[in-house]
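# Descriptive structure summary
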Amino acid sequence: MKTRAKGNVTESLLNDYVGTYELASGRTMLVTRQAGKLYARRNTGEPAELLPESPDLFFRNGVEGRSLFHRDASGRLDPLIDRRNNEDLLWKKVQ
């Protein structure tokens, strides 16, 4: 896996991403913010830091794929797109 360059995201944007996302009934991901960093935790798993590549686009060290926080035409976040191996999983923001 090639190394990605970490980008910057403004503090105000980080708050947009925080919340609970649902893939299917009982399959959730909690996105939190701690000390200016973003973390994602699926159901009862361990939190993993989401590193910014650019605004709305994140990656995790050592993991292929990216997480894209998609915005609708008004700029509001709708699904979180988890892309791996050319497959997209759509996580709907529920909280």
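To be clear, the structure that these remarks concern was listed above.
To continue, consider the pattern of salt bridges. This structure, assessed with the given rule, holds 7 salt bridges. Among the ionic pairs, aspartate 82 bridges to arginine 42, the shortest N-O distance being 2.3 Å. Taken together, the residues aspartate 82 in strand S7 (residues 77-84) and arginine 42 in strand S3 (residues 37-42) connect sequence positions 40 residues apart. The partner of aspartate 88 in a salt bridge is arginine 83, with the nearest N and O atoms 2.6 Å apart. Within the structure, one salt-bridge network assembled from shared partners comprises Asp16, Asp56 and Arg71.

Let's shift gears to the side chain of aspartate 82. Relative accessible area serves as the criterion here: at 4%, aspartate 82 is assigned to the buried category. Contact partners of aspartate 82, with chain neighbours within four places excluded, come to Arg42, Arg66, Ser67, Glu87, Asp88, Leu89 and Trp91.

A few words on the environment of lysine 6. Here lysine 6 shows up in the segment before helix H1 (11-17). Classification of lysine 6 by relative accessible area gives exposed; the value is 54%. Excluding residues that lie within four positions of it along the chain, lysine 6 makes contacts with Leu51, Pro52 and Phe59.

We now examine the nonpolar core. Among the nonpolar cores identified, the biggest contains 14 residues, and Tyr17, Tyr21, Met29, Val31, Leu38, Phe58 and Phe69 are the most heavily contacted of them. Secondary-structure elements contributing two or more residues to this core are H1, strand S2 (27-34), S3 and S7.

For the rest of this paragraph, the subject is the sheet that holds S7. Reading around the circumference, S1-S2-S3-S4-S5-S6-S7-S8 is the order of the 8 strands in this closed barrel, with antiparallel pairing throughout. For this sheet, the mean inter-axis angle between neighbouring strands, taken without regard to orientation, is 35°. Here S7 pairs with strand S8 (residues 87-93) via 5 bridges, running antiparallel. Bridge pairing in S8 links arginine 84 to glutamate 87.

The phi torsion at aspartate 56 lies on the positive side, around 75°, for a residue other than glycine. Mapped onto the elements, aspartate 56 comes out in the loop between strand S4 (48-54) and strand S5 (57-59). Aspartate 56 gets classed as buried once you look at its relative accessible area, which sits at 14%. Positive phi outside glycine occurs at asparagine 86, with the angle close to 60°.

Quick notes on the rules
Residues numbered from 1 in each chain as written. Predicted model: local features only at pLDDT ≥ 70, side-chain atom pairs only at ≥ 80, totals over all residues. Heavy atoms only, no water. Salt bridge = Lys/Arg side-chain N within 4 Å of Asp/Glu carboxyl O. Helix = DSSP H or I, 4+ residues; strand = E, 2+ residues; numbered from the N terminus. Buried < 20%, exposed > 50% of the residue type's maximum accessible area, 1.4 Å probe, protein only. Contact = heavy atoms within 4.5 Å. Core = buried A, V, L, I, M, F, W, Y, C linked by side-chain atoms within 4.5 Å. Pairing = 2+ DSSP bridges. Axes fitted to C-alpha atoms, helices over the stretch in contact; angles between N-to-C directions.

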